[in-house]
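Breakdown of the fold
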Amino acid sequence: HARAARASTMVGSASRRVSRPRTSSLKLIGGRAEPKVLAEFDADDFEAQWPYEDSYDFRRIDESLDLNFYVEPRFVTHIDDGAIASLTEYYRRVLPPGGSVLDLCSSWISHLPPEVSYARVAGVGMNARELEANKQLTEFEPRDLNLDPSLPYGDSEFDAVCNVVSVDYMTKPLQLFKEMHRVLKPGGVAVMSFSNRCFPTKAVKVWLDSDDTGRMAIVANYFHHSAAWADICALDIGTLKGEGFKASPPGGAGGNPFQVLLSSFASIDPMFVVQARAKKEAGDDDPRARAGSMSGPRLLPLRSGAARSVCEVRVDVPASCLCDP
């Protein structure tokens, strides 16, 4: 492949060489905003062996049972309206209407486009009361995936698996990503999305020690080393905020264009996706889960010695508060 830089310099963890995504102008294709492709990964972009030391890299500040941390329901959103709008718009484009979707680390809202019907939306999460309140789920299973990363489903049941701003808390990512691969149909897509917010006491050490680009590499490693995944890529989907607001005005805006504009300016959370598709057969090159009309790889400039960044402390404010007068 002709590349400006090799992704391997980003993917390996030993040197912790990471950099921050550069900003660029909004990309339009046919008058429609598109995500920015930050990196596409091939097998030779990765280290031969699992690059993390589990007992060290997946430690957390708070090692108490997650069940205690999540025992009280939190009926709030953990990213701002713009990030939610970007994610919902991305789902609108990549999740198959009428398909079966598995929402991992689910809560009281799944951010799926409200106008799209899915045959099945299964949720796995920590708090039963939150899951009960999620009107987009057709079924749910309370489960601590850090205690038991197995998924209570058969092989090849789902067209898509989603995880929203929770991949940073997973202490057994290899086992979980292997299970995700197992329950996906051949060619099914797994979409891991995250911002720069987290509960820092529950995020794993390797996540806290990395910046946005390093975190993309972490998730790419989870995919590559767990199972036969194809089309692993990292995307900045924050470019979809405007499209998302037009399709689904944010809570409290009521469709008022001025309020939507104000909400858009008030929304500053970035939103990234690392995704892949399940490759179940040797030589499988099914392009169904590719990033659609997004053009070819544009790798990030890489620098050594990037400064360590720490997750922001998440402020649990309901999304509607962002645009209430």
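The numbering scheme is per chain: residues are counted from 1 as the chain's sequence reads. Whole-chain, interface and lining totals are the exception, using all residues; otherwise, since this is a predicted model, local features are given only for residues with pLDDT of at least 70 and side-chain atom pairs are given and counted only at 80 or more. The side-chain values count all of the structure's non-hydrogen atoms but skip hydrogen atoms and water molecules.

Aromatic rings from Phe, Tyr and Trp, taking only the six-membered ring of Trp, are treated as a pair when their centres fall within 6.5 Å; an angle between ring planes under 30 degrees marks them as stacked, one over 60 as edge-to-face, and anything in between as tilted. Evaluation of the coordinates by the stated rule reveals 13 aromatic pairs. For the pair tyrosine 153 and phenylalanine 158, a centre-to-centre distance of 5.1 Å together with 85 degrees between the ring planes defines the contact as edge-to-face. Ring centres of phenylalanine 223 and tryptophan 229 lie 4.9 Å apart, and the angle between their planes is 75 degrees; this geometry places the pair in the edge-to-face category. An aromatic cluster is defined as three or more aromatic residues linked by ring pairs; in this entry it consists of Trp50, Tyr52, Phe58, Phe177, Tyr222, Phe223 and Trp229.

Comment: phi is negative for the bulk of residues other than glycine, and the bulk of peptide bonds are trans. Even without a glycine there, the phi angle at cysteine 105 is positive, about 55 degrees. The topology assignment puts cysteine 105 in the loop between strand E4 (100-104) and strand E5 (120-125). Positive phi values are uncommon outside glycine, yet serine 156 reaches one of about 55 degrees. Put simply, DSSP marks the helices as runs of H or I at least four residues long and the strands as runs of E at least two long, and each gets a number from the N terminus on. As for its position among the elements, serine 156 is in the loop between strand E6 (139-142) and strand E7 (158-164).

Extensive coverage of strand E8 (residues 184-194) is indicated by the burial of nine of its 11 residues. Strand direction decides the pairing type here: E7 and E8, joined by six bridges, are parallel. Each bridged residue has a counterpart across the sheet, and for phenylalanine 158 the counterpart in E8 is leucine 184. Handedness rule for crossovers: strands pointing away from the viewer, path from the first strand over the helix to the second running clockwise, crossover right-handed. You can see the chain leave E7, run along helix H6 (residues 173-183) and come back into E8, and the turn it takes is right-handed. Relative accessibility under 20% of the residue-type maximum defines a buried residue, over 50% an exposed one, and the middle range a partly exposed one, all with a 1.4 Å probe and only protein chains included. Following DSSP output, two strands are said to pair if at least two bridges run between them.

So, on to the environment of tryptophan 229. Considering the arrangement of structural elements, one finds tryptophan 229 in strand E10 (residues 229-236). Measuring from C-alpha to C-alpha, the distance between tryptophan 229 and arginine 277 comes to 5.6 Å, with 48 residues separating the pair along the chain. Throughout, a contact is declared for two residues whenever any of their heavy atoms are within 4.5 Å. When neighbours within four sequence positions are excluded, tryptophan 229 is seen to be in contact with Phe177, Met180, His181, Leu184, Ala190, Phe223, Ala276, Arg277, Ala278 and Lys279. In protein, a polar contact requires one atom able to donate a hydrogen and another able to accept it; more generally it is a pair of N or O atoms within 3.5 Å, and residues adjacent in sequence count only if both atoms are side-chain atoms. For tryptophan 229, the side chain forms a polar contact with the main-chain oxygen of phenylalanine 223, separated by 3.4 Å.

By the element assignment, glutamine 136 lies in the loop between helix H5 (128-133) and E6. The sequence separation of glutamine 136 and proline 113 amounts to 23 residues, and the corresponding C-alpha distance is 9.6 Å. When residues no more than four places from it in sequence are discounted, the contact partners of glutamine 136 are Ser110, His111, Leu112, Pro113, Pro114 and Val121. For glutamine 136, the side chain forms a polar contact with the main-chain oxygen of leucine 112, separated by 2.9 Å.

Closest axis-to-axis distance for the H6/helix H8 (residues 212-226) pair is 9 Å, and the angle between their directions is 65 degrees. In terms of orientation, H6 lies roughly perpendicular with respect to H8. Judged by the sense of rotation from one axis to the other, the crossing of H6 with H8 is right-handed. Of H8, the residues touching H6 (which contributes Pro173, Leu174, Phe177, Lys178 and Met180) are Val219, Tyr222, Phe223, His225 and Ser226. Polar here means any residue other than Ala, Val, Leu, Ile, Met, Phe, Trp, Tyr, Cys and Pro, which are nonpolar, and Asp, Glu, Lys and Arg, which are charged; Gly is therefore polar. Residues belonging to the contact of H6 with H8 are distributed by class as follows: seven nonpolar, two polar and one charged. Comment: axis = line fitted to C-alpha atoms, over the contacting stretch for helices; angle = value between 0 and 180 degrees taken between N-to-C directions. With respect to orientation, any angle under 35 degrees is reported as roughly parallel, any angle over 145 as roughly antiparallel, any angle of 65 to 115 as roughly perpendicular, and every other angle as oblique. Two helices that cross are described as forming a left-handed crossing if the nearer one is turned anticlockwise from the farther one by less than a right angle, and a right-handed crossing if clockwise.

Another aspect to go through is the pairing of strand E3 (residues 36-40). Taken residue by residue, a regular strand's side chains alternate between the two faces of the sheet. Among the five residues in E3, four count as buried, and that is most of the element. When E3 meets E10, the two strands line up antiparallel, connected through four bridges. The residue bridging alanine 39 from the neighbouring strand is alanine 234, located in E10.

On to the side chain of aspartate 168, then. Positionally, aspartate 168 belongs in the loop between E7 and H6. By relative accessible area, which is 2% here, aspartate 168 ends up buried. Discounting residues that sit within four places of it in the chain, aspartate 168 has contacts with Arg197, Cys198, Lys202, Ala203, Val204 and Trp207.

This part covers a nonpolar patch on the surface. Note on patches: the residues involved have over 30% relative accessible area and no salt bridge, like charges join within 9 Å, and the nonpolar side chains Val, Leu, Ile, Met, Phe, Trp and Tyr join within 5 Å. Each accessible area is a Shrake-Rupley estimate made with a 1.4 Å probe; only the visible protein chains count as cover when residues are assessed. Between Lys or Arg on one side and Asp or Glu on the other, a salt bridge is scored when a side-chain nitrogen of the former is within 4 Å of a carboxyl oxygen of the latter. A grouping of Leu65, Leu67 and Leu147 is seen on the molecular surface, where their side chains present a nonpolar patch of about 310 Å² in accessible area. Note on placement: leucine 147 falls in the loop between E6 and E7.

Here we take up the confidence of the model for the protein. Regions with low pLDDT should not have their predicted coordinates read in detail. On average, residues of the protein score 77 in pLDDT, and 68% of them are at 70 or above. Each residue carries a pLDDT value, the predictor's own confidence for that position, ranging from 0 to 100. Low confidence marks residues 1-10, where pLDDT is under 50. Its contacts with residues over four positions away, or in another chain, come to 24 contacts. Low pLDDT (under 50) marks residues 13-26, which in the prediction has 39 contacts with non-local residues, meaning those over four places away or in another chain.

Here the focus is the pattern of salt bridges. With the rule as written, the count across this model stands at 18 salt bridges. In this structure, lysine 36 engages aspartate 236 in a salt bridge whose closest nitrogen and oxygen atoms are separated by 3.4 Å. Within this pair, whereas lysine 36 is found in strand E3, its partner aspartate 236 is found in strand E10, the two being separated by 200 residues in sequence. A salt bridge links glutamate 63 to arginine 60; the nearest nitrogen and oxygen atoms lie 3.6 Å apart.

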